[in-house]
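Report on the structure
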Amino acid sequence: MDLHEIQQHVSKLLSYYQATREELTHSDVPIINDINRHVMSQNGKQLRPILTFLSACCCGLPEETTPPHPIFNAVAAIETLHTSTLIHDDVVDESDVRRGNPTINHLWCNKTAVLIGDYYLALVMKTVNAINNKTITQIINHTVIQMSEGELLQQQYSGNYNTDKSVYYQIIRKKTALFMAACCKIGAVLATDRTDFHEEAYLFGENIGMAFQIRDDLLDFKPTQLSGKPQGNDIKEHKCTLPLIFALENNSIRDKLLPLLTKNDISDNEISLITQILEQSNSIKKAEAVMHDYLGKAQQHLQHLPDNKYRDAIYKLTNMLQEI
């Protein structure tokens, strides 16, 4: 089963969400609509909207739900927030391409990218306030703060090859995992008053988010077609991800890696050599084991949610993440 088959369970909800998001971001300012069209043309996997809707339906939201139910504004806000963070990331990382498509800062300029990212964030706050649900507001506010802290923490440790595993886990938890946790909890909150379901959905999302980011970091050492980004991109940006952290714990391997990792311009041949060293040291397999451990924890929390076809779909989604 692929992601397309999984999303069929909530396809009607996704179509209503898409219309809601287009309405949310529409403006009388031409350049904003030009950027909106560029953003909408590359929706990606829509993993966060899918997770939110599946979590909601699992916890009791009818699949036939239509606007003006607040779930649609909530999901539109979630994905707009995600877009805002990606735009700002591309500015910080000076990226010209994301997933094979030109970035906003490349097509327009850094100033425009920062401003549109801020604009999207303001739309998120406006939309969340209009939902008028204290719990949803608290979740979004907490998530934005944590993501910002995670980005700054990552900047602080950029190029630091003494980074400890605990710091790495803290970074990806704040940057990625808590956002997925928020998506799953928001879906549950808007479907049921059962606070135990809210908590289990949150913990499921947090663990699958940890696994998702570790998987993304592992894909940096895999062929480009698997990840959708250039192989070795994280290495070239001097990001110390989990496979590297494991390898650098061994002093003899560290002596081989550091002269390569600390170069200003790392060639493709050097990327291949670094990858080969990591494979021989078993560091990639160790990182994969950690990813599988988080997926196992996610599935354990999933067992505490209602048993239905939506939970089955989420379970299959976690299995998909094991394929790297």
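Below or above, wherever it landed, is the structure these notes cover.

Parameters at a glance
Residues numbered from 1 in each chain as written. Predicted model: local features only at pLDDT ≥ 70, side-chain atom pairs only at ≥ 80, totals over all residues. Heavy atoms only, no water. 1 Å grid on protein atoms, 1.4 Å probe; cavity = no way out; pocket = protein on both sides within 12 Å on 5 of 7 lines; lining within 4 Å. Points joined across faces, edges and corners; volume = space filled by probe spheres on them. Helix = DSSP H or I, 4+ residues; strand = E, 2+ residues; numbered from the N terminus. Nonpolar A, V, L, I, M, F, W, Y, C, P; charged D, E, K, R; others polar. Buried < 20%, exposed > 50% of the residue type's maximum accessible area, 1.4 Å probe, protein only. Contact = heavy atoms within 4.5 Å. Phe/Tyr/Trp six-rings, centres within 6.5 Å; stacked < 30°, edge-to-face > 60°. Lys NZ or Arg CZ within 6 Å of the ring centre and 35° of its normal. Salt bridge = Lys/Arg side-chain N within 4 Å of Asp/Glu carboxyl O.

Focus: the layout of surface pockets
Size it by volume and the second largest pocket reaches roughly 280 Å³. Along its surface, the second largest pocket is lined by 13 residues, and Thr 85, His 88, Met 147, Ser 148 and Glu 151 are the ones closest to its centre. Those elements that provide at least two residues to the lining of the second largest pocket are helix H5 (70–92) and helix H8 (134–156). Class assignment of the residues belonging to the lining of the second largest pocket gives a composition of six nonpolar, five polar and two charged.

Considering helix H3 (residues 30–40)
Restricting attention to buried positions, one finds in H3 the residues Ile 32, Asn 33, Ile 35, Asn 36, His 38, Val 39 and Met 40. As for H3, its buried residues are in contact with helix H2 (11–25), H5, strand E2 (101–102), helix H6 (104–107) and helix H7 (110–131).

What about the packing of aromatic side chains?
This structure, assessed with the given rule, holds six aromatic pairs. Between Tyr 119 and Tyr 120, the ring centres sit 6.1 Å apart and the planes meet at 45°, which makes this aromatic pair tilted. Looking at Tyr 120, the relative accessible area reads 2%, which means it is buried. Ring geometry for Tyr 169 against Tyr 294: centres 6.4 Å apart, planes inclined by 65°, an arrangement best described as edge-to-face. One end of the pair, Tyr 169, is in helix H9 (residues 165–189); the other, Tyr 294, is in helix H16 (residues 283–302), and 125 residues separate them in sequence. The buried category is assigned to Tyr 294, whose relative accessible area is 13%. Three or more aromatic residues link up through ring pairs in this structure, and these residues are Tyr 16, Tyr 17, Phe 53 and Phe 72. The side chain of Lys 297 reaches across the aromatic face of Tyr 294, ending 5.1 Å from its centre.

Structural notes on empty space enclosed by the protein
Regions of empty space are outlined by a rolling probe, equal in size to a water molecule, passed over the atoms. Considering all chains together, one arrives at one cavity of 30 Å³ or more under this definition. For the lining of the largest cavity, the elements supplying multiple residues, two or more each, are helix H4 (47–58) and helix H10 (195–218). When grouped by side-chain class, the residues that make up the lining of the largest cavity number six nonpolar, one polar and no charged.

Some words on the pattern of salt bridges
A full pass over the atoms with the stated rule returns 14 salt bridges. A salt bridge links Arg 98 to Asp 90, with the shortest nitrogen-to-oxygen separation between them at 2.9 Å. Its relative accessible area of 25% is what places Arg 98 among the partly exposed residues. A salt bridge links Arg 311 to Asp 307; the nearest nitrogen and oxygen atoms lie 3.4 Å apart. The exposure class of Asp 307 is exposed, given its relative accessible area of 59%.

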